[in-house]
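Chain residues, written in single-letter form:
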Number of protein chains: 2
Amino acid sequence: MAKKVTPRGQDYARWYTDVIQQAELADYAPVRGCMVIRPYGYGLWEHVQQALDRRFKETGHKNAYFPLLIPESFIKKESEHVEGFAPELAVVTHGGGKKLEEPLVIRPTSETIIGHMYAKWINSYRDLPLLINQWANVVRWEMRTRLFLRTLEFLWQEGHTAHATYDEAEEETMRMLEIYSDFAETDGAIPVIRGRKSESEKFAGARHSYSIEAMMGDKKALQAGTSHNLGQNFAQAFDIKFLDTNNQLQYCWTTSWGVSTRFVGALVMVHGDDQGLILPPRLAPIQVVIVPIWKKEDERSRVLAAAEQIEEVLLSENVRVELDAREQYRAGWKFNEWELKGVPLRVEIGPRDVENRQAVVARRDRPGRADKKTVKMEGLAPRVVALLDDVQQSLYDRALQFREDNTYQVEDFSAFQEIANGTGGFLDAYWCGSESCETAIKEATKATIRCIPFDQPKESGHCVFCGQKAAERAIFSRAY
Amino acid sequence: MAKKVTPRGQDYARWYTDVIQQAELADYAPVRGCMVIRPYGYGLWEHVQQALDRRFKETGHKNAYFPLLIPESFIKKESEHVEGFAPELAVVTHGGGKKLEEPLVIRPTSETIIGHMYAKWINSYRDLPLLINQWANVVRWEMRTRLFLRTLEFLWQEGHTAHATYDEAEEETMRMLEIYSDFAETDGAIPVIRGRKSESEKFAGARHSYSIEAMMGDKKALQAGTSHNLGQNFAQAFDIKFLDTNNQLQYCWTTSWGVSTRFVGALVMVHGDDQGLILPPRLAPIQVVIVPIWKKEDERSRVLAAAEQIEEVLLSENVRVELDAREQYRAGWKFNEWELKGVPLRVEIGPRDVENRQAVVARRDRPGRADKKTVKMEGLAPRVVALLDDVQQSLYDRALQFREDNTYQVEDFSAFQEIANGTGGFLDAYWCGSESCETAIKEATKATIRCIPFDQPKESGHCVFCGQKAAERAIFSRAY
């Protein structure tokens, strides 16, 4: 029986979990709030990892691995940090059958343990900058969980760097945000807004937090990556000092930045439709599926041979291709299945195609007969490669158009409320910078400040809530 | 000041930890028994990962990710498994500030949670074989720990597969052992003995365990990889069933197999010498270090330009190269440092070399002036590539020779005892198969059965301990 997902218009949340489970990206684990990332979902994550890891290494970062278990006392050393993370900790109290003298927490993030080690490793300015990244699992005891978006355990990368000056730390923080933007837009085909977090939304322990924000298919925002300038907060808490060129002992300036498996949730929600996933070719575990079609037994071997030939020629172009030669399913069932799984291109080949030395190529992002193309075998591989690029670009363009169509510049709060509590979307409005306006807006509309975009108008204006003079515009939205 | 490691002959254990800390492979973490894998050590692990992951994917396996936290009750479902792992568990009793209803254990290995999911995913013979691997961290509450060899937390890959028949599971178990052997020998330059574990040494819950065993520089054994045929033990405990081609419900046959960060410890101990690490080129994070040498300031730019040219030409041959242009260290200090770090080849270039359009190449595995070679710039890149292959092969040959020199075929127990309690080494002896002889030998010599090698003589013999008829020879040794 063909699988079917709940239409987005009927129940977006249900559509989301239907797609993830039916496309076999992930499944629920036996422990509340935990998930299993299935091979298809993990394949997607592996491409995310490769795309980011390559960029980290190109900019001089090296990977390392720090322990999962952190002494409980470490979390308490930075006052804002403990306030932010204490309520979310998983605590190990017993090991090897005995009660531990000091409980250990499972890392919710690693600033503390890494800070402790950096204090040991850094002595002089010659040891700086120290540029390390870690691919790891972390645990945060969340109450309301959703596959990929918020789970007790999740996978991520966390970069942690130490510098000799504030300016160098700030430069690094921005460099990594740019890397995240480039990754999200180029590889994920997800347009993002780069900006600064408000004080109330910044990372617990940071001096400034920056983020990239993306609009999901239901017009809510999702923070797709964050980069923090930690100032000297953690350096002071963990005593990370260096001798500068004048032989003076100074505290380091540190940063941290991360992207997590949440990003998979963003890919689902930005590109997916009522048929299921649509994966951007650059990250898709399978870029092209070949579906051979035959009715009579004597057609079978000819069609399969041609399908294998297509597979071979695409493999030689480094296309990630899968030949679905399963005999227990009909072609229509397979079409449905691979559409659900969001494979960007499908190549169909039947007996008449074999005779005419051709195949039919269908794009996942433009379903229906009208957009199918018949392509001669001779030019198939370059045509497929070009089409993959075209799908990648089209997905980006479509997502950008959708965001622009659903972003509203508002100057008064009644218009703000009407949109925020109505159709939803991004609200681009002047904000005076006060936490009380931020809170009042949130209470009235559930919209929070996603970021204060780097891209700002030249002139100042008036706060959308209080009407006071405001120097900057902020992006408000309900968010995941 | 130049770093110096304790000579092996003086204190092998101390040499081992000196090398690891001074070469910056790893460091001690603040929690007892935990370690930090530093960038240089993690770089080595990344090459181990790539070499294995490629082989897993070539044989049809896909990666996935299962949760860190397992309900305590799961561990108790397979009787041998709980007996083996219960004493080593780390237990989470509190989450989000509250006591949990059921404690959760941090995975010591994932057969149980994966078994639970497989029961959900597998319905018919069409779902088999299911071939999944996971790269993950695990925690085992060990009492006596050593960097890389035995730590509370370690990194590994664990493969978990399900099959329709015993024979297919057995075939998979052996296939993965062969992959481990090929990886260890081809990439790690570590010769291994393939064989079956004795009943007392097998994995808790397995029907048969197989392993690859390597000889370390102190003649002790280290298990470098294991592959387990789990029979239907976990399938029965977790109800993993499938409808066979006759529509009959059957239990699956499962396997599991793993290689961990222990392998890094093996690389240290098999190849290292009193100067430090010697890394096999195929896994070395840095394969070639270029050390420019100048005295007068006017020589500096010419030498550096030539060094950069060498770097470029080696990079274009995909050689992992590092140019050490640091000004605060003298060439001698750098030689010492890169020898400690085990970089396979060093290229030295000074003013006279620049004039003569040449460079000097030194092999890490053959220190001293005699083995340095002057190579013309024109042919440098291919020569370096060939030398890397030669170092790789030489390391393997040397390790194999060492193992052969220290393996003894013994037929009586007094000779066995003399060697085991004296110089040490691998003892290749007939064994009747009884656990009582195995235990008595262990008590008298601390030597355990590492494996019963696949490679056996045609004739039978007499047990080295009891003198009873014995069908097979076993490899006995003290072990890590």
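Further remarks concern the overall build of chain A. Looking only at helices and strands, chain A has 14 helices and 25 strands in total. For 480 residues, the compact-globule estimate of 2.2 N^0.38 gives 23 Å, and chain A sits close to it at 25 Å. If one aligns the C-alpha atoms of chain A with their principal axes, the spans along those axes are about 80 × 60 × 45 Å. Considering only contacts within chain A whose residues lie at least 6 apart along the sequence, 70% involve residues at least 24 apart. Accessible surface, chain A: about 19500 Å² in total, of which carbon and sulfur atoms supply 46%. Charge separation in chain A, taken as the distance between the mean sites of 61 positive and 69 negative side-chain charges, equals 4 Å.

All names here are of chain A. When you line up the elements, Glu-78 lands in the loop between α3 (72-75) and α4 (79-85). Of the side chains bearing the opposite charge, Lys-202 lies closest to the buried Glu-78, which forms no salt bridge; the N-O distance is 8.3 Å. Within the structure, the side chain of Glu-78 is placed 2.9 Å from the backbone nitrogen of His-81, a separation counted as a polar contact.

All right, on to the nonpolar core then. Phe66(A), Ile106(A), Tyr118(A), Phe66(B), Ile106(B) and Tyr118(B) are the most contacted members of the largest nonpolar core, which has 86 residues in total. Once residues lying within four places of it in the same chain are set aside, the contact partners of Phe66(A) are Arg107(A), Ile113(A), Ile114(A), Met117(A), Tyr118(A), Trp121(A), Ile132(A), Gln134(A) and Val36(B).

Note the cis peptide between Leu128(A) and Pro129(A), where omega equals -10 degrees. As for its position among the elements, Pro129(A) is in the loop between α5 (111-121) and β7 (130-139). Here Glu24(A), not a glycine, exhibits a phi torsion of approximately 60 degrees, which is positive. In this structure, Glu24(A) sits in the loop between α1 (12-22) and β1 (26-28). Although it is not a glycine, Asp239(B) sits at a positive phi angle of roughly 60 degrees. The residue Asp239(B) is located in the loop between α7 (233-238) and β12 (241-243) in this model.

Tallying each qualifying case throughout the model produces 69 salt bridges over all chains. With a shortest N-O distance of 3.5 Å, Arg194(B) and Glu185(B) are connected by a salt bridge. Residue Glu185(B) is classed as buried on the basis of its relative accessible area of 18%. What emerges from the salt-bridge pattern is a single network uniting Arg55(A), Asp182(A), Asp187(A) and Arg282(A).

Turning our attention to the state of the cysteines. All names here are of chain A. Counted according to the given criterion, the structure contains 0 disulfides over all chains. Free cysteine: Cys-432, not disulfide-bonded; nearest cysteine sulfur from Cys-437 at 3.7 Å. Here Cys-463 stays free of any disulfide, with the sulfur of Cys-466 as its closest cysteine sulfur at 3.7 Å.

This part covers the domain arrangement of chain A. Residues and elements named next belong to chain A. According to the domain assignment, chain A consists of domain 1 (12-271), domain 2 (288-390) and domain 3 (407-477). Distance between the C-alpha centres of domain 1 and domain 2: 40 Å. Opposite the 5 residues of domain 1 that make contact, domain 2 presents 4 residues. When the buried area of domain 1 at its contact with domain 2 is split by residue, Ala-23, Tyr-40 and His-47 rank highest and sum to 69% of it. Inspection of the domain 1/domain 2 interface yields 1 salt bridge. Its residues assigned to classes, the side of domain 1 that touches domain 2 shows 2 nonpolar, 2 polar and 1 charged.

Counting residues at the interface gives 52 residues for chain B, matched by 52 residues for chain A. Roughly 4300 Å² of surface becomes buried between chain B and chain A when both sides are summed, with 65% attributable to carbon and sulfur atoms. When the buried surface of chain B facing chain A is broken down by residue, Pro30(B), Tyr65(B) and Trp121(B) rank first, second and third, together holding 14% of it. Ranked by the residues each element gives to the side of chain B that touches chain A, the list is headed by strand β5 (residues 90-95) of chain B, at 6 residues.

Moving on: the packing of aromatic side chains. Summed over all chains, the structure comprises 36 aromatic pairs over all chains. A ring pair is formed by Phe66(B) and Trp121(B), whose centres lie 5.9 Å apart and whose planes are at 40 degrees; its orientation type is tilted. Separated by 55 residues along the polypeptide, Phe66(B) in the loop between β3 (62-63) and β4 (69-71) and Trp121(B) in helix α5 (residues 111-121) bring together distant segments of the chain. What links up through ring pairs into an aromatic cluster is the set Trp45(A), Phe56(A), Trp135(A), Tyr180(A) and Trp257(A).

Moving on, we get to the relation of the copies chain B and chain A. It takes a turn of 180 degrees to lay chain B on chain A, together with a shift of 0.0 Å along the axis; the resulting RMSD is 0.0 Å. The operation mapping one copy onto its partner corresponds to a two-fold rotation axis. Judged by C-alpha distance, Val92(B) is the residue of chain B that lies nearest the rotation axis, at 2.1 Å. Looking at chain B, 100% of its interface residues are interface residues in chain A too, so the copies touch through the same face.

This part is about the side chain of His47(A). For His47(A), the location among the structural elements is in helix α2 (residues 39-58). Discounting chain neighbours no more than four positions away, the residues touching His47(A) are Leu283(A), Ala284(A), Pro285(A) and Arg320(A).

Checked against the element boundaries, Arg352(A) lands in helix α11 (residues 351-355). Between the alpha carbons of Arg352(A) and Trp294(A) there is a distance of 9.6 Å; along the sequence they are 58 residues apart.

With that out of the way, let us pick up the sheet that holds strand β3 (residues 62-63) of chain A. Residues and elements named next belong to chain A. On the basis of which strands lie adjacent, the open sheet formed by 11 strands has the order β3-β7-β8-β14-β11-β10-β9-β22-β25-β21-β20 and mixed pairing. With partners counted over all chains shown, the strands left at the sheet margins are β3 and β20 (407-409), one partner each. Direction of pairing for β20 relative to strand β21 (residues 426-431): parallel, over a ladder of 3 bridges. Within the sheet, the bridge partner assigned to Gln-409 lies in β21 and is Asp-428.

Once that is clear, we can look at the packing of helix α13 (residues 413-420) of chain B against helix α14 (residues 435-445) of chain B. Residues and elements named next belong to chain B. As a packed pair, α13 and α14 sit with axes 10 Å apart at the nearest point and diverge in direction by 45 degrees. The pairing of α13 with α14 is recorded here as oblique in orientation. When you trace α13 past α14, the crossing you get is right-handed. Contacts between α13 and α14 involve Phe-413, Phe-416, Gln-417 and Ala-420 on the former and, on the latter, Ile-441, Ala-444 and Thr-445. Here the residues of the contact of α13 with α14 are counted per class, giving 5 nonpolar, 2 polar and no charged.

Take the pairing of strand β15 (residues 288-292) of chain A next. Residue and element names in this part refer to chain A. Taking burial as the measure, the 5 residues of β15 include 5 buried ones, the bulk of the element. Going residue by residue along β15, you find Val-288, Ile-290 and Pro-292 tucked away on one face and Val-289 and Val-291 tucked away on the opposite face as well. Bridge analysis of β15 against strand β16 (residues 321-323) gives 3 bridges, and the strand direction is parallel. Each residue of the ladder has a partner; that of Val-289, found in β16, is Glu-322.

This paragraph deals with helix α6 (residues 166-187) of chain B. Helix length check: α6(B), at 22 residues, gives a terminal C-alpha distance of 31 Å against a target of 32 Å (1.5 Å per residue), a fit within 8%. Remark: Ala189(B) follows α6(B) within two positions and exhibits a positive phi of approximately 55 degrees.

In this section: the sheet that holds β16(A). Residue and element names in this part refer to chain A. The sheet built from 5 strands is open, its strands ordered β16-β15-β17-β18-β19 with mixed pairing. In the strand order of this sheet, the two ends are held by β16 and β19 (373-376), each with one partner. Strand-to-strand twist in this sheet, taken as the mean axis angle between neighbours without regard to direction, amounts to 25 degrees. Where helix α10 (residues 331-340) meets the sheet, its contacts fall on β15, β16 and β17 (345-349), and the angle it forms with β15 comes to roughly 170 degrees. Here helix α12 (residues 380-405) sits on the sheet in contact with β15, β17, β18 (358-363) and β19, set at roughly 5 degrees to β18.

On to the pairing of β17(A), then. Side-chain positions along a regular strand alternate between the two faces of the sheet. All names here are of chain A. Within β17, 5 of the 5 residues are buried, leaving the element largely enclosed by the surrounding structure. Summarising the sheet, β15 and β17 pair through 5 bridges and their orientation is parallel. In the sheet register, Val-291 faces β17, and the bridge partner there is Glu-348.

When you line up the elements, Ala64(A) lands in the loop between β3 and β4 (69-71). Exposure remark for Ala64(A): the relative accessible area of 0% places this residue in the buried category. In sequence terms Ala64(A) and Asn421(A) are 357 residues apart; their C-alpha atoms lie 45 Å from each other. With sequence-adjacent residues up to four places away left out, Ala64(A) is seen in contact with Ile132(A), Asn133(A), Gln134(A), Ile37(B), Arg38(B), Pro39(B) and Tyr42(B).

Quick notes on the rules
- Residues numbered from 1 in each chain as written.
- Chains lettered and ligands numbered in written order.
- Predicted model: local features only at pLDDT ≥ 70, side-chain atom pairs only at ≥ 80, totals over all residues.
- Heavy atoms only, no water.
- Helix = DSSP H or I, 4+ residues; strand = E, 2+ residues; numbered from the N terminus.
- Rg over C-alpha atoms; globule rule 2.2 N^0.38 Å.
- Contact = heavy atoms within 4.5 Å.
- Areas by Shrake-Rupley, 256 points an atom, 1.4 Å probe, with all protein chains shown as cover.
- Lys, Arg positive; Asp, Glu negative; His and termini not counted.
- Charge placed at Lys NZ, Arg CZ, Asp CG, Glu CD.
- Buried < 20%, exposed > 50% of the residue type's maximum accessible area, 1.4 Å probe, protein only.
- Salt bridge = Lys/Arg side-chain N within 4 Å of Asp/Glu carboxyl O.
- Polar contact = N/O pair within 3.5 Å; in protein donor to acceptor, adjacent residues only side chain to side chain.
- Core = buried A, V, L, I, M, F, W, Y, C linked by side-chain atoms within 4.5 Å.
- Disulfide = S-S within 2.5 Å.
- Domains from an automatic or database assignment.
- Buried area = accessible area lost by both parts, 1.4 Å probe.
- Nonpolar A, V, L, I, M, F, W, Y, C, P; charged D, E, K, R; others polar.
- Phe/Tyr/Trp six-rings, centres within 6.5 Å; stacked < 30°, edge-to-face > 60°.
- Least-squares fit on C-alpha atoms with pLDDT ≥ 70 in both.
- Pairing = 2+ DSSP bridges.
- Axes fitted to C-alpha atoms, helices over the stretch in contact; angles between N-to-C directions.
- Parallel < 35°, antiparallel > 145°, perpendicular 65-115°, else oblique.
- Left-handed = near helix turned anticlockwise from the far one by under 90°.
- Expected span 1.5 Å × (residues − 1).

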